[in-house]
Amino acid sequence: MSFETGTVRLLRTLYGSYRPVGWEVKRLAWLSRLNKVYLAYLRRVRSPEGELLREERRYRWFVGNTVEVVGVLGKLDYALFKFRRPVEHVSVDLDVLVGSGRVGRAVRALKSIGFEVVVSEPYTVTLSRRGFTVDLYTQPSFAWTVYLDGGRLLRDHREELEIRGIRAYGLTREAEVVVAAAHAIYKEHMVLLLDCITAWTWTNKRTWGIALELRAQRALEELIKACNMIMEGLVEAPYKLKPHVILKAYTEKMIEDPIFRATTPNMLRYITTRRAGAQILARLRRRSY
């Protein structure tokens, strides 16, 4: 008798080749939450119905807030990122990449519809309104360290989208794969099933070209490796990267990427802040992100 991991059964459920019953419905629901595919899972199993209705309401709330945000940003130099995915999902916040000289205008635009600044850091301004969070990034970064060239993403890999009939700007699908890989490997050190579905669906020759251009090819390689292990049932997702994999990715990034290399010393400044200790502890304990 062959053994399937919970992640493989969850994946098969999402693709329609497996239907969980009994206790497994709740088990896979828990796993789908960790992997940010809860809405897609509930739509497949349609049980419990009340939970699906609640998640659909949360999704409409998320999209409604997004529409308001892109409405006031207008033709500003921006792009939604970590936003487009092959499956609809409810995100914890909205990430927006903004031109470095446009942050002030973006903040003022969001304040005009009730948002307030919560945190202002190098490369990031976080605003909130009634539980909805918007992170404005001038550069994709962690611990004040830049891991992708935000200017190049905006200049070369932005395209027009439509959200509920409203024009918006986001990254191309291929660029979103590279962003997902860089975010998972460099920042989170963890791979979710949603990352894998994104990579499996949208990776092509152009994706690898963008990864090379942004000096993130190692991140894409490691994401694909992790996703292959997940699909083969060798590991469960979320999958935490091994320390030697993270070290190798950082070493190559340091050698090849001058922006990453120049901003890495900022980590030392970051860890002395009050927020850093709590965030580091939370990262060690977490099951997902």
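Not measured: the values here are computed from a predicted model. (Residues numbered from 1 in each chain as written. Predicted model: local features only at pLDDT ≥ 70, side-chain atom pairs only at ≥ 80, totals over all residues. Heavy atoms only, no water.)

## Considerations on the overall build of the protein
Secondary structure summary: the protein contains 14 helices and 11 strands in total. Taking 19 Å as the expected radius of gyration for a compact globule of 289 residues, we find that the protein reaches 19 Å, a close match to that expectation. When its C-alpha atoms are laid out on the principal axes, the protein stretches across 60 × 45 × 40 Å. Within the span of the protein, comprising 289 residues, buried residues form 53% of the whole. Within the protein, contacts between residues separated by at least 24 positions form 64% of all contacts whose residues are at least 6 apart in sequence. For the protein, the computed accessible surface area is about 14,100 Å², with 54% contributed by carbon and sulfur atoms. Seen as two clouds, the 48 positive and the 31 negative side-chain charges of the protein have centres 3 Å apart. (Helix = DSSP H or I, 4+ residues; strand = E, 2+ residues; numbered from the N terminus. Rg over C-alpha atoms; globule rule 2.2 N^0.38 Å. Buried < 20%, exposed > 50% of the residue type's maximum accessible area, 1.4 Å probe, protein only. Contact = heavy atoms within 4.5 Å. Areas by Shrake-Rupley, 256 points an atom, 1.4 Å probe, with all protein chains shown as cover. Lys, Arg positive; Asp, Glu negative; His and termini not counted. Charge placed at Lys NZ, Arg CZ, Asp CG, Glu CD.)

## So, the state of the cysteines
On inspection of all chains with the given rule, the structure shows one disulfide. With a sulfur-sulfur separation of 2.1 Å, Cys196 is cross-linked through a disulfide to Cys227. Between Cys196 and Cys227 the sulfur-sulfur dihedral comes to about -90°; the bridge is accordingly left-handed. Of this pair, Cys196 sits in helix α8 (residues 193-202) while Cys227 sits in helix α10 (residues 217-231), placing them 31 residues apart in sequence. Using a relative accessible area of 0% as the deciding quantity, one classes Cys196 as buried. (Disulfide = S-S within 2.5 Å.)

## Focus on helix α3 (residues 38-45)
Each full turn of the α-helix corresponds to 3.6 residues, which orients residues three or four apart in the same direction. By the criterion of burial, α3 is predominantly enclosed, with six of the eight residues buried. Taken residue by residue, α3 has Tyr38, Leu39, Ala40, Tyr41, Leu42 and Val45 as its buried positions. Buried residues along α3 sit in contact with α1 (6-14), α2 (23-34) and α4 (49-73). Arg46 sits one or two positions beyond α3 and adopts a positive phi of about 50°.

## As for the packing of aromatic side chains
Tallied over the full model, the rule gives 13 aromatic pairs. Taking the centre distance of 5.5 Å and the plane angle of 85° together, the rings of Trp61 and Phe132 count as edge-to-face. With Trp61 in helix α4 and Phe132 in strand β5 (residues 132-137), the pair connects residues that are 71 residues apart, well separated along the chain. Judged by relative accessible area, Trp61 falls into the partly exposed class, the value being 38%. Residue Phe132 is classed as buried on the basis of its relative accessible area of 2%. Here Phe81 and Tyr137 contribute two aromatic rings whose centre-to-centre distance is 5.4 Å and whose plane-to-plane angle is 90°, an arrangement assigned as edge-to-face. In this pair, Phe81 sits in the loop between β1 (78-80) and β2 (94-98) while Tyr137 sits in strand β5, placing the two residues 56 residues apart along the sequence. Residues Phe81 and Tyr137 agree in their burial class; the two are buried. Taken together, the ring pairs in this structure connect Trp61, Phe62, Phe83, Phe115 and Phe132 into an aromatic cluster. The aromatic ring of Tyr59 is capped on one face by Arg43, whose charged end is 5.6 Å from the ring centroid. (Phe/Tyr/Trp six-rings, centres within 6.5 Å; stacked < 30°, edge-to-face > 60°. Lys NZ or Arg CZ within 6 Å of the ring centre and 35° of its normal.)

## Digging into the pattern of salt bridges
Taken as a whole, this structure holds 20 salt bridges when the rule is applied. Between Glu4 and Arg9 there is a salt bridge, with its nearest N and O atoms 3.2 Å apart. In this structure Glu4 comes out as partly exposed when scored by relative accessible area, which is 24%. What makes Arg9 partly exposed here is its relative accessible area of 25%. Ionic pairing is found between Glu222 and Lys225, a salt bridge with its closest N-O pair at 3.8 Å. Linking Glu222 with Lys225, this pair stays in helix α10, spanning three residues, or about one helical turn. (Salt bridge = Lys/Arg side-chain N within 4 Å of Asp/Glu carboxyl O.)

## Some remarks on unusual backbone geometry
That bond from Ala237 to Pro238 is cis: its omega, 0°, falls within 30 degrees of zero. You can see Pro238 is positioned in the loop between α10 and β11 (239-240). Residue Arg130 is not a glycine yet carries a positive backbone phi of 50°. Along the chain, Arg130 falls in the loop between β4 (124-129) and β5. Residue classification places Arg130 among the exposed positions, given a relative accessible area of 68%. Look at His189: it is not a glycine, yet its phi comes out positive at around 60°. Relative to the assigned elements, His189 resides in the loop between α7 (173-188) and β10 (190-191).

## Structural notes on the packing of α8 against α10
Each pair of packed helices gets described by two things: the angle between the helix axes and the distance between those axes. Axis separation between α8 and α10 bottoms out at 10 Å; the angle between their running directions is 105°. On the basis of their axis angle, the class for α8 and α10 is roughly perpendicular. Residues Leu193, Asp195, Cys196, Ala199 and Trp200 of α8 pack against Leu223, Ile224, Cys227, Asn228, Ile230 and Met231 of α10. When the residues that make up the contact of α8 with α10 are grouped by side-chain class, the tally is nine nonpolar, one polar and one charged. (Axes fitted to C-alpha atoms, helices over the stretch in contact; angles between N-to-C directions. Parallel < 35°, antiparallel > 145°, perpendicular 65-115°, else oblique. Nonpolar A, V, L, I, M, F, W, Y, C, P; charged D, E, K, R; others polar.)

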